[in-house]
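Here's the letter readout for the chains.
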Protein chains: 2
Amino acid sequence: MLKSLNVGELTPKDEIHARINNLKARMEEQGIALAIILQNVDLFYFTGSLQKGVLAVSADRDPVFFVEKSLARAEEETPLEITPIKKDKDIKDILSDLGALRGRCGMELDVLPVLVFERWKSILGYDNIVDVWPLIRDLRIIKSSFEIRQVKRSGEIISRVFEKAKEIVREGMREVDIAAVLESEGRMHGHQGFLRMRGLNQEMMNIYITHGLSGTIVSGADVPISGAGVTHAIPQGPSVNRAQRGIPLLIDYGAGYNGYITDETRAYAVGELKDIYLKGHAVAREIIEETMDFAKEGIDGTEVFMRALHKAKHEGLEEYFMGYGEGKVGFIGHGLGLEINELPVITPRHKIILQEGMIFAFEPKFIFPGEGSVGIEVDFIVRKNGLERVTDSSIDIVYV
Amino acid sequence: MLKSLNVGELTPKDEIHARINNLKARMEEQGIALAIILQNVDLFYFTGSLQKGVLAVSADRDPVFFVEKSLARAEEETPLEITPIKKDKDIKDILSDLGALRGRCGMELDVLPVLVFERWKSILGYDNIVDVWPLIRDLRIIKSSFEIRQVKRSGEIISRVFEKAKEIVREGMREVDIAAVLESEGRMHGHQGFLRMRGLNQEMMNIYITHGLSGTIVSGADVPISGAGVTHAIPQGPSVNRAQRGIPLLIDYGAGYNGYITDETRAYAVGELKDIYLKGHAVAREIIEETMDFAKEGIDGTEVFMRALHKAKHEGLEEYFMGYGEGKVGFIGHGLGLEINELPVITPRHKIILQEGMIFAFEPKFIFPGEGSVGIEVDFIVRKNGLERVTDSSIDIVYV
């Protein structure tokens, strides 16, 4: 029924079973007997369906996928057997009859609200429940070939949007009007509608367009360039600022296809740019090229960050690197997948050894206070022998 | 600085102080000495700023607004005095010095993730923290004249989008392409970018376009018509389904202006509609008209629902009213404000007495399984003597 309405392949059966088996192995290692998965993205990852339901994974038995609604839709989407329920309380008796309610229980404590958690503790009869998110997060960090296919398809949407931008960006246009046209373009080419970011108060747009002053505004968000937004009620994203000659206009676009997010940035310009912007862009490009020359499986992410920082220092741009003043952020890359804030984070703060199948956005950017910003963002797939670009879209400044 | 980049008025100083004083009065009644507010929308409601910060409200002293970043931006936005902090741990000493860390403490337990909550309990040194969300929720239910002005401006975006739809909806277009054009139109006319929905796993689009089969697909979401989406990874919203003659195309659009959400639905048609759709639309219209005839301050929301249900029954449409089978929902209206799932909910399940200044979306809809859906959604402001429509956009079927 849904085949005629949706695009995008379902998650293959083997892949769903492999993911669950990997989780079971990690639960075994950590002494967790039962994981109750409620968050929609994790549920989608392990079942292939994002319907209203609950997945119970026991370390030593078959998973039970409880679905409240839509049953019809979940049945089309998941390779798992479905246990229909009318309400979440029904789960207790079923798990109890299976003998699954013993040993340590884990839930996603990083996202479960206190009241939801207390309710589940009481439904299941546990006094204490541990956090199972670190296990899930570490599983999700390595992308399968199926996932990489979705990511590449997502990247194609980015390439189309950047091509369209070349046609439409003109002097005098408001950032928000450029954004409106480009979002529309992305949607027509398969964008899923919105992107997901995990955690309390984590919000994001599909597209950030910044230019001059708006590219230097600091926001509460942990990103180097957030934009001013059109209202203080959503203080991020494109603003009503108009494109002027000689100042780079940055387009930071996030595509989403079949759940999978990609996120790249390009610089557009009307007329010649001042030297400081040309230099910033050139250094960003060199950082990307040098990173592609040495990073690969086995390299530590902290080294990737430190080399980029070193390059920025060497070029006299350290002060502006990845933000200025209170707006400076402590990373140059972030993992991509079903959520935009996955691992690996490329930061000096946490060691992370790159492994084949990790995917991250890499975004050397320079913010010149009172002036504007410049930079590039590309997405990388970590391979044994190097980094593979997700898109083949040019990283040159686009003069329009 | 931001004046040149943003549209939309800041929340007036008097209003911020009135909101905080109302919260303090309710805290006093409930025996809560200190409320720590972390969720971004609540923070915006009480401070006028959505920067990264924490608001500490004591029942018997001045509030303390801690801001981590952006300080510059928060200073432009809030009438409150700001206490800058480097990290959230700094709050403990400041509140302790003020003597504010005594008595019962409340936090937003409906949205605070367990790990965040545990961290705050430990920072503040409380063993037990109660839920302060019911107090905030009940305050937010009554909209001020400032808020109503924002809501009406939000409604103007809806009217423009519905006008644009008249120009562009044509036979053979995909739902998602119509959505792309209309979202773009709304954005150019002041839409803030996205809408907010409170709670775990609560996600929404700005626009839902459904037509025939896609209007009958049930999703995990608690809405009468969710659409199929373009992917099972986001199983809601417009799909790749194409508009055909004789079947209504429903456009359910949510505008957001300066934080405030409006949400209306209209039916479009290419060619004549079958009788069942004409009847469904006519009954939806009569339900709206009858509701406007009797509902006002003092009326119970359960009565509003029951009268609508009675009308549907009387017309032989009960089976299709507000969903069919597993897709049937238990409400016909939902509150609007900074989030789309505010109070009042118009449902037979919970008594709620309408009061001047409440705002809700009212959506009599009929879902005919295997066929399609029809219905209307309008937004109402509750007044002493009746209901006021937020927009003056026609509710007739639009033949294109």
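Given the structure is predicted, the values throughout are model-derived calculations rather than measurements.

Mind showing me how you'd approach the packing of helix α4 (residues 90–97) of chain A against helix α5 (residues 114–124) of chain A here?
Residues and elements named next belong to chain A. For the pair α4 and α5, interaxial distance at closest approach is 9 Å and the crossing angle is 45°. Between α4 and α5, the angle falls in the class oblique. Crossing of α4 against α5: the hand is right-handed. Where α4 approaches α5, its residues I91, K92 and L95 are matched on the opposing element by W120, I123 and L124.

How do you make sense of the environment of E319 of chain A when you look at a structure like this?
Structurally, E319 of chain A is set in the loop between α10 (301–314) and β10 (333–335). Apart from residues lying up to four places away in sequence, E319 of chain A is in contact with Y324 and K328 of chain A.

Explain the relation of the copies chain B and chain A here, please?
Note on the chain copies: they are related by a rotation about an axis and a translation along it. Rotating chain B by 180° about the axis while translating it 0.0 Å along that axis superimposes it on chain A, leaving an RMSD of 0.0 Å. The symmetry that links the two subunits is that of a two-fold axis. By C-alpha distance to the rotation axis, the residue of chain B lying nearest is P113 of chain B, at 2.0 Å. A shared interface surface links the copies, since 99% of the contact residues of chain B are contact residues in chain A too.

Before we go on, may I ask you to explain the interface of chain B and chain A in this structure?
Interface extent is often summarised as the accessible area lost during association of the parts. Contact with chain B, which involves 79 residues of that partner, is made by 78 residues of chain A. The contact between chain B and chain A buries some 6600 Å² in all, and 61% of this surface belongs to carbon and sulfur atoms. The largest contributions to the chain B side of the interface with chain A come from L5, R187 and H232 of chain B, which together make up 13% of the buried area. Inspection of the chain B/chain A interface yields two salt bridges. Between R196 of chain A and E203 of chain B there is a salt bridge, and its shortest N-O distance comes to 2.6 Å. Our count for the chain B to chain A interface comes out at 45 residue pairs in polar contact (both at pLDDT 80 or more). With eight residues, the top contributor of residues to the side of chain B that touches chain A is helix α8 (residues 175–188) of chain B. The residue makeup of the side of chain B that touches chain A, split by class, is 38 nonpolar, 25 polar and 16 charged.

Honestly, the environment of D392 of chain B in this entry has me stumped. Any pointers?
Residues and elements named next belong to chain B. Tracing the backbone shows D392 in the loop between β16 (386–389) and β17 (398–399). Residue classification places D392 among the exposed residues on the basis of a relative accessible area of 73%. With 195 residues separating them in the primary sequence, D392 and M197 have C-alpha atoms 25 Å apart.

I keep staring at the side chain of D131 of chain B and nothing clicks. Help me out?
Within the secondary structure layout, D131 of chain B lies in strand β6 (residues 130–131). Among the polar contacts made by the side chain of D131 of chain B, one reaches the main-chain amide nitrogen of L109 of chain B at a distance of 3.0 Å. Side-chain polar atoms of D131 of chain B contact the backbone nitrogen of W133 of chain B, separated by 3.1 Å. In this structure, D131 of chain B is in contact with L115 of chain A together with M107, E108, L109 and D110 of chain B, ignoring residues within four places of it in sequence.

When you look at the packing of aromatic side chains in this model, what are you seeing that I'm missing?
Following the criterion strictly, the structure yields 18 aromatic pairs over all chains and no others. Relative to Y324 of chain A, the ring of Y320 of chain A has its centre 6.1 Å away and its plane inclined at 15°; by these criteria the two rings are stacked. Between F360 of chain B and F380 of chain B, the aromatic rings sit 5.7 Å apart at their centres with planes inclined by 70°, giving edge-to-face as the arrangement. Of the two residues, F360 of chain B sits in strand β12 (residues 359–362) while F380 of chain B sits in strand β15 (residues 378–383), which places them 20 residues apart along the sequence. Within the aromatic cluster, the residues linked to one another by ring pairs are Y277, Y320, Y324 and F368 of chain A. Here R153 of chain B stacks its cationic end above the ring of Y257 of chain B, 4.5 Å away from the centre of that ring. Here the basic side chain of R307 of chain B rests over the ring of F294 of chain B, its NZ or CZ set 3.7 Å away from the ring centre.

Conventions adopted
- Residues numbered from 1 in each chain as written.
- Chains lettered and ligands numbered in written order.
- Predicted model: local features only at pLDDT ≥ 70, side-chain atom pairs only at ≥ 80, totals over all residues.
- Heavy atoms only, no water.
- Axes fitted to C-alpha atoms, helices over the stretch in contact; angles between N-to-C directions.
- Helix = DSSP H or I, 4+ residues; strand = E, 2+ residues; numbered from the N terminus.
- Parallel < 35°, antiparallel > 145°, perpendicular 65-115°, else oblique.
- Left-handed = near helix turned anticlockwise from the far one by under 90°.
- Contact = heavy atoms within 4.5 Å.
- Least-squares fit on C-alpha atoms with pLDDT ≥ 70 in both.
- Buried area = accessible area lost by both parts, 1.4 Å probe.
- Salt bridge = Lys/Arg side-chain N within 4 Å of Asp/Glu carboxyl O.
- Polar contact = N/O pair within 3.5 Å; in protein donor to acceptor, adjacent residues only side chain to side chain.
- Nonpolar A, V, L, I, M, F, W, Y, C, P; charged D, E, K, R; others polar.
- Buried < 20%, exposed > 50% of the residue type's maximum accessible area, 1.4 Å probe, protein only.
- Phe/Tyr/Trp six-rings, centres within 6.5 Å; stacked < 30°, edge-to-face > 60°.
- Lys NZ or Arg CZ within 6 Å of the ring centre and 35° of its normal.

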